[in-house]
Amino acid sequence: MLHDAKDINSSTTAIATEAAPDNKTRRYDRQLRLWAASGQSALESSRILVISGTATSTSILKNLVLPGIGHFTILDPAKVTPEDAGNNFFLEGSDSIGKFRAEEAVRLLLELNDGVDGNADLKGLDEIIDSERGKEWLSEFSLVIAHNLEQKVTEKLSHWLWQDSTRPPLVVVRSAGFLAEFYIQYHEHAVIESHPETAQSLQIDKPFPALLKYATSLDFENMDVTDHGHVPFVIILVRVLEEWKKAHVGNPPSSYEDKKEFKKEILAMRKKIDAENFEEAESQAYRAWTPSKVPSDIHALFSDPQVTNVTPTSAPFYHLVHALSRFVEEQPSKTLPLTSTLPDMKSSTDAYIQLQNMYKQRAEEEKEILKGYLKVPVDADMVDAFVKNSHALKLLRGKRYGQAEENKVAFAENLQTSPKAYAIHLALSALSSFASKQQQGAPLTPTEEVLTSEAQALLPPGADLPHEFADAVGEAIRTPTADLPNVAALLGGLVAQEVIKVITKQYIPINGYCVVDMIDMSTAVLG
Amino acid sequence: MIKIWSMKKNEDAAAKKKPKTSAAQIRVQKDLTELDLPSTMQTHFPDPNDLLNFTLTITPDEGMYKGGAFKFSFAINTNYPHDPPKVKCLQTIYHPNVDLEGNVCLNILREDWKPVLNLNSVMVGLQYLFLEPNADDPLNKEAAIEMSKNRDQFLSNVKSSMNGRNIKGVQYDKVSVS
Amino acid sequence: MATAELTTTQKPDWAGRYFHIDQVLNSGGPRTDPQFAAGDEVKKFLRETSKILVIGAGGLGCEILANLALTGFKDIHVIDMDTIDISNLNRQFLFRPKDVGHSKANVAAEFIMKRVPGVKVTPYFGKIQDKGEDYYMQFHLVICGLDSVEARRWINATLVNMVDESNPDSLKPMIDGGTEGFKGQARVIIPTVTSCYECSLDMLNKPTAFPICTIANTPRLPEHCIEWASVLEWPKVFADKKLDTDDPEHIGWLYKVAAARAAEFKIEGVTWSLTQGVVKNIIPAIASTNAIIAAACCNEAFKIATSSAAYLNNYFMLIGTESVYSYTFEHEKRADCPVCGGEAVDINLKSDTTVEQLIDILIEKQDIQIKKPSLSTSTKQIYFQAPPQLEQATRPNLEKKVSELVPDGGDITVTATTLPFNLSIRITYSS
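Predicted model, so just to flag it, every value in this text is computed and none were measured.

Engineer: What is the right way to read the overall build of chain A from this model?
Structural biologist: Secondary structure assignment for chain A yields 24 helices and 10 strands. Overall size of chain A, expressed as C-alpha extent along the three principal axes, is 90 × 65 × 50 Å. Residue burial in chain A is summarised as follows: out of 527 residues, 46% are buried.

Engineer: What am I meant to see in helix H8 (residues 151-162) of chain A here?
Structural biologist: Helical periodicity: at 3.6 residues per turn, an α-helix aligns residues three or four positions apart in one direction. Residue and element names in this part refer to chain A. An ideal rise of 1.5 Å per residue puts 16 Å on 12 residues; H8 measures up with 16 Å between its terminal C-alpha atoms. Those residues of H8 that sit buried are Thr154, Leu157, Ser158, Leu161 and Trp162. What you see down the axis of H8 is that its buried residues fit within an arc of 125 degrees, all on one side. Looking at the buried positions of H8, the neighbouring elements they touch are helix H6 (125-129), strand E4 (143-147), strand E5 (170-176) and strand E6 (179-185).

Engineer: For this particular structure, what's the right way to read the UniProt feature "active site" (unreviewed entry) in chain C?
Structural biologist: The residues that UniProt annotates with the feature "active site" (unreviewed entry) are Cys213 of chain C. Among the secondary structure elements, Cys213 of chain C is positioned in helix H7 (residues 212-217). Those residues in contact with Cys213 of chain C, other than ones at most four positions away along the chain, are Cys105, Asp137, Pro138 and Leu139 of chain B.

Engineer: Is there a simple way to think about the UniProt feature "domain: E2 binding" (unreviewed entry) in chain C in this case?
Structural biologist: What UniProt calls "domain: E2 binding" (unreviewed entry) maps, in this numbering, to residues 347-430 of chain C. Overall, residues 347-430 of chain C shows 25% helix and 29% strand. The separation of its end C-alpha atoms is 10 Å.

Engineer: Looking at this structure, how should I read the domain arrangement of chain A?
Structural biologist: Reports often express the size of an interface as the amount of accessible area lost when the parts come together. Residues and elements named next belong to chain A. Under the domain assignment used here, chain A contains domain 1 (8-193 + 483-526), domain 2 (209-289), domain 3 (296-344 + 363-394) and domain 4 (407-478). Between the C-alpha centres of domain 1 and domain 4 there is a distance of 27 Å. Facing the 14 residues of domain 1 at the interface are 16 residues of domain 4. Counting only elements with at least two residues in the side of domain 1 that touches domain 4, the list comes to H8, E5, E6, strand E9 (513-517) and strand E10 (522-526). For the side of domain 1 that touches domain 4, the element with the most residues is E9, which contributes three residues. Looking at side-chain class alone, the side of domain 1 that touches domain 4 contains seven nonpolar, two polar and five charged residues.

Engineer: So what exactly am I meant to see when it comes to the UniProt feature "domain: THIF-type NAD/FAD binding fold" (unreviewed entry) in chain A here?
Structural biologist: UniProt annotation of "domain: THIF-type NAD/FAD binding fold" (unreviewed entry) refers to residues 28-145 of chain A when read in the numbering used here. As annotated, residues 28-145 of chain A comprises 48% helix and 15% strand, and the C-alpha atoms at either end are separated by 24 Å.

Engineer: Can you walk me through the nonpolar core in this structure?
Structural biologist: Nonpolar side chains in soluble globular proteins tend to be buried together. Ile145 and Ala427 of chain A together with Leu65, Ala108, Ile112, Ala258 and Ala301 of chain C are the most contacted members of the largest nonpolar core, which has 264 residues in total. Per-element tally for this core: the top contributor is helix H11 (residues 287-306) of chain C, with 13 residues. Discounting chain neighbours no more than four positions away, the residues touching Ile145 of chain A are Ile48, Val50, Ile51, Ile60, Val171, Val173 and Val495 of chain A. Core analysis: the second largest hydrophobic core is formed by 29 residues, Leu202, Ile204, Ile236 and Ala275 of chain A among them.

Engineer: Just to check I follow, could you spell out the confidence of the model for chain C for this structure?
Structural biologist: Keep in mind that low pLDDT regions are not for reading the predicted coordinates in detail. In the predicted model, chain C carries a mean pLDDT of 92, and the fraction of residues at 70 or more is 97%. Per-residue pLDDT stays below 50 along residues 1-9 of chain C; that stretch engages in 17 contacts with residues further than four places along the chain or on separate chains.

Engineer: What should I look at first to understand the interface of chain A and chain C in this one?
Structural biologist: Contacts between the two partners involve 69 residues from chain A and, on the opposite side, 69 residues from chain C. Within the residue set of the side of chain A that touches chain C, elements represented by two or more residues are helix H1 (8-16), helix H2 (23-44), helix H3 (55-65), helix H4 (82-87), helix H18 (349-372), helix H23 (467-478), helix H24 (485-504) and E10 of chain A. Within the side of chain A that touches chain C, the residues separate by chemical class into 32 nonpolar, 23 polar and 14 charged.

Engineer: In this structure, what is going on with the sheet that holds strand E8 (residues 325-329) of chain C? I would like to understand it.
Structural biologist: Hydrogen bonds between backbone atoms are what pair the strands of a sheet, whose relative direction is either parallel or antiparallel. Residues and elements named next belong to chain C. Sheet architecture is open: eight strands sit in the order E3-E2-E1-E4-E5-E6-E7-E8, paired in mixed fashion. Looking along the sheet, the strands with just one partner apiece sit at the ends: strand E3 (120-125) and E8. Each strand of the sheet is rotated relative to its neighbour by a mean of 15 degrees, with strand direction disregarded. Sheet topology places strand E4 (residues 141-145) next to strand E5 (residues 174-180); four bridges connect them, and they run parallel. Bridge assignment links Ile143 to a residue of E5, and that residue is Ile175. Against the sheet, helix H3 (residues 59-71) contacts strand E1 (52-55), strand E2 (75-80), E3, E4 and E5, and its axis sits at roughly 175 degrees relative to E2. On top of the sheet, H11 reaches E1, E4, E5, strand E6 (183-189) and strand E7 (315-319); it is set at about 170 degrees to E5, its chief contact.

Engineer: Would you mind showing me how to read unusual backbone geometry here?
Structural biologist: A cis amide bond links Tyr80 of chain B with the next residue in sequence, Pro81 of chain B, at an omega value of 0 degrees. Unusually for a residue other than glycine, Lys168 of chain B sits at a positive phi of about 45 degrees. Take Lys168 of chain B: it is sitting in the loop between strand E5 (166-167) and strand E6 (170-171). Within the chain, Thr192 of chain C stands out as a residue other than glycine whose phi angle is a positive 70 degrees.

Engineer: Would you explain the confidence of the model for chain A in this entry?
Structural biologist: Mean pLDDT over chain A: 94, with 97% of residues reaching 70 or higher. Across residues 1-17 of chain A the pLDDT falls below 50, and counting only partners more than four positions away or on other chains, this stretch makes 38 contacts in the model.

Engineer: I'm lost on the environment of Asp164 of chain A in this one. Help?
Structural biologist: All names here are of chain A. Tracing the backbone through its elements, the reader meets Asp164 in the loop between H8 and E5. Given 9 C-beta atoms within 10 Å, Asp164 falls into the exposed group. Sequence separation of Asp164 and Ser139 is 25 residues, and the distance between their C-alpha atoms is 9.9 Å.

Engineer: Help me understand the packing of helix H9 (residues 209-217) of chain A against helix H11 (residues 233-247) of chain A, please; the structure alone is not making it clear to me.
Structural biologist: When two helices pack together, their arrangement is captured by the angle between the axes and the distance separating the axes. Residues and elements named next belong to chain A. Orientation of H9 relative to H11, taken along the N-to-C sense of each, is 80 degrees, at an axis distance of 9 Å. Judged by the inter-axis angle, H9 sits roughly perpendicular to H11. Where H9 abuts H11, its residues Leu211, Leu212, Ala215 and Thr216 lie against Ile235, Val238, Arg239 and Glu242. When the residues that make up the contact of H9 with H11 are grouped by side-chain class, the tally is five nonpolar, one polar and two charged.

Engineer: Is there a simple way to think about the packing of H3 of chain A against H24 of chain A in this case?
Structural biologist: All names here are of chain A. It is at 7 Å that the axes of H3 and H24 come closest, and there the two elements cross at 45 degrees. Overall, the two elements H3 and H24 adopt an arrangement that is oblique. The handedness of the crossing between H3 and H24 comes out as right-handed. Between H3 and H24, the residues in contact are Ala55, Thr56, Ser59, Ile60, Lys62, Asn63 and Leu64 and Pro485, Ala488, Ala489, Leu491, Gly492, Gly493, Val495, Ala496 and Val499, respectively.

Engineer: Explanation requested: the environment of Thr54 of chain A in the structure shown.
Structural biologist: Residues and elements named next belong to chain A. Mapped onto the elements, Thr54 comes out in the loop between strand E1 (47-51) and H3. In this structure Thr54 comes out as buried when scored by C-beta crowding, with 26 C-beta atoms within 10 Å. For the pair Thr54 and Asp84, spaced 30 residues apart in the sequence, the C-alpha separation amounts to 7.3 Å.

Engineer: Looking at this model, I keep getting lost on the sheet that holds strand E12 (residues 411-415) of chain C. Mind explaining?
Structural biologist: All names here are of chain C. In spatial order, the strands read E9-E13-E12-E10-E11; together these five strands make up an open sheet with mixed pairing. Where the open sheet ends on each side, the last strands, each with one partner, are strand E9 (343-350) and strand E11 (381-383). For this sheet the average axis-to-axis angle between neighbouring strands, irrespective of direction, equals 30 degrees. Pairing of E9 with strand E13 (residues 422-430), which is carried by eight bridges, proceeds in the parallel orientation. Across the sheet, Asp346 pairs through a bridge with Arg426, a residue of E13.

Conventions we followed
- Residues numbered from 1 in each chain as written.
- Chains lettered and ligands numbered in written order.
- Predicted model: local features only at pLDDT ≥ 70, side-chain atom pairs only at ≥ 80, totals over all residues.
- Helix = DSSP H or I, 4+ residues; strand = E, 2+ residues; numbered from the N terminus.
- Buried ≥ 20, exposed ≤ 12 C-beta atoms within 10 Å, placed from the backbone.
- Expected span 1.5 Å × (residues − 1).
- Arc of directions from axis to C-beta.
- Contact = placed C-beta atoms within 7 Å.
- UniProt positions renumbered as here; feature names shortened; annotations may be inferred.
- Domains from an automatic or database assignment.
- Nonpolar A, V, L, I, M, F, W, Y, C, P; charged D, E, K, R; others polar.
- Core = buried A, V, L, I, M, F, W, Y, C linked by C-beta atoms within 7 Å.
- pLDDT = per-residue confidence, 0-100.
- Pairing = 2+ DSSP bridges.
- Axes fitted to C-alpha atoms, helices over the stretch in contact; angles between N-to-C directions.
- Parallel < 35°, antiparallel > 145°, perpendicular 65-115°, else oblique.
- Left-handed = near helix turned anticlockwise from the far one by under 90°.

Next comes the structure, spelled out in structure tokens:
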């Protein structure tokens, strides 16, 4: 551990106090700005298992050790070969040849971060997956990563992990030369803090009572020019909309002409021709006629069986969504809870702070209403985050590794609609099938014919192979066993990124395969 | 090594070696030589070989600041026009949009700067501040309050400040030319 | 300049060392140029001849150096003017806490040479602007892992300007990477052939700037209070002391002043971390994004150096916040790019042609349609149409001979209202 390390919660609260941050907070500063103390503490409690100590595996681990996972284990009985020593940065060149690969890699990876614990395990996966103790050991990890593992063992591992949704998610990584892919197997992944690019609605079309009262009570006419030029656009829009509705049997502007007229009315209120707050109101006028609605994917969550049938043992996420659905149902506005965060806008300090307080107070009240619908107690920070992100919640449901390919007809159809990415996936799958039939340790020298027939076996009889398949399979036979340093490094980044998203439950991970082509430098997500 | 040169021959035979003048330098040359300034604005280059540092003197011929000569420094860095020019008022003046340290409140000098703007736009913007001072978004709040609440007092303050008087404990620079 | 005096023990490569890499070098694939010289020739070029420059030894630079060394580049140079800070350690994996305060270039070079036998890394602890064309000319390729727009513009312009039609070796492919949080981009720039960095300047996000009058009078956000402290109060209180955003005492002062102002205006959210973030314009940075972008850059360098596969044409953009989204496209050259665009013409003059006569020649030239041209060389003004002071100062040049001001083969930059950007002319003289 770092000399003056504290637990991350107390060190990041130091940010909010007068004291300069300690060394640990300074070290992690650039990442705390992405996932905050909550994400960091999730990382620090995670335990990652990586099966095989290849160049790709150590590249992935490097990008997990640096940001500070709690623990990792490399499971690998192999000794370092001259080939390993040439492409793996976490081996010491020819000096490492003949030593245990897991031990060498763990030693060198641990140099990257004093706060991380690491372990080399020299058993084989076969041995572990076949024993009860081994299985118990496996289930204690937060997540398992496997690179270029023999196909039958991968299947055994993925099936066992899938059997029980409490077992760790699995990342399966495959690469050959310039082509690569990885898959994340999880049953469900719920994200509250998705870090959306879009902000929550200010609900100007359905102003809450205090806002409406304030906006309609302001005496614009007799205000002095300076104050008039500093009324926040939110107030202006609420006011103009209310007057508009009075004059139009309660309806907001709807036609193009209406909207033009509405904007004209905004500008007509100006006391000075260059009043920026009114210009802002004009440019934001769409907020007055765009109804604040529950986004359709959030609405769909409301009728999810896990939500409608919440039990005391359901995950807090489902309880929160259930409470949210009740909230929306019961609120006359049928909207999500109000945001407490205002964007910056042209305004005087006082008018802005006053408006901000109105929003904050109302948001607090609505949060309390939502809490009233909760059937179990939920952590206060989680409720806060949930309410803040209620427009951007994400629930991903995954499939077992290999499940998608069992539907050969669908696979063939996908191959026709997105030929390039599916061709790479198919070629890598054909290579794995081929390799699994070879004797262990024998050199792998597939031909185009053999891989094509392996590919055909994964598709319905007589299915056409697109010409992109020839491109992909050509690379597979050229480099059947190449773990190229640059490809390993790229996978190291991508896989670590997705693992961080899964562990922190922040941002949105892939659901399915991510396919990488490092010849034209492109990626695609399948599934 | 990939045969880039042969590819280049085919695609772009006419390309010529270009002079080693930086993009910022070329752009400043273009901006300066295309300046279209009224007689109320004059540039001065202390070192005519240095195009990146100069002053601008504004002598308004109308409005409440008529009779004054207001001097601004322009400092352009090598990241121009990605970065805006840095402009400061070199005198202590009494103006709602210029503070006593010489900071100028002009949107295109900060939040609204974009590379398609040029030195001419900045200079025209500066001159406009003397024709139409803006009391709503002030930098010198006292001057702004005076301007909107007590216009006569404000006008007289402008006059005496331009003559180098002291107003409420602040010594202003004499900028009047007559 | 500080060069690490490290001797690399030149042991021959052990058998099997390049087993993985050699699979792509021993034969081509379906998307490999048929001219690919598979086998010993390409290996020899990569491992014995090629010389590559890495600009930046930070987040991207550390990754780039490791990748290049493992792929078989053995003569690598690296430039960085920075020293190691504790906040680098969450991603710049060649550095340890004991290295804080030391040169990034030196420490990174030393580490790579220790870890990857037989690779020579030559560091330069200084600015890229310290080096001239003769320095950049020695490399086959340049990879940039920079965080500054200015430095990128400089090296881009330098490499574009170095292209000399009569010398094929003057064309240096430049591979540029950049990251910000979970987002990043990698691109291949073949100077004068593809679009260059300057061509895409308008794609850059503008750093947030707040109106100075808001900062002074109507603060609403914690950022407004912080800028008040740094932009307005600091210079007022410490007239002669420059704000050093790396000095914790300076940050501490700004934080205190900003927090007091925030309290006065009832604004919430001024923290030490936000203060530092605003005044240093901190961009979030993580190991994983840097690994992705650096790998993409190095892979392009490898493919260009070996021709073992087609290379990126020419821009890869990654957004990793929601799933893995990437977009690969050809960024187009801008005709009016001040660095790689614009016209270039040769003009042959009599040695006694005056500047005024040259201007007439330019005005009369039908194909360029120029009015009121202003002329300069890279070091001096020849004739400026405006402003009056410069017009007056350069007017005497009108009567001078061009040959007194511009050497044979020299260049003149011409700007004019009628030109979208600039014209460069190369002057030669006939006696």
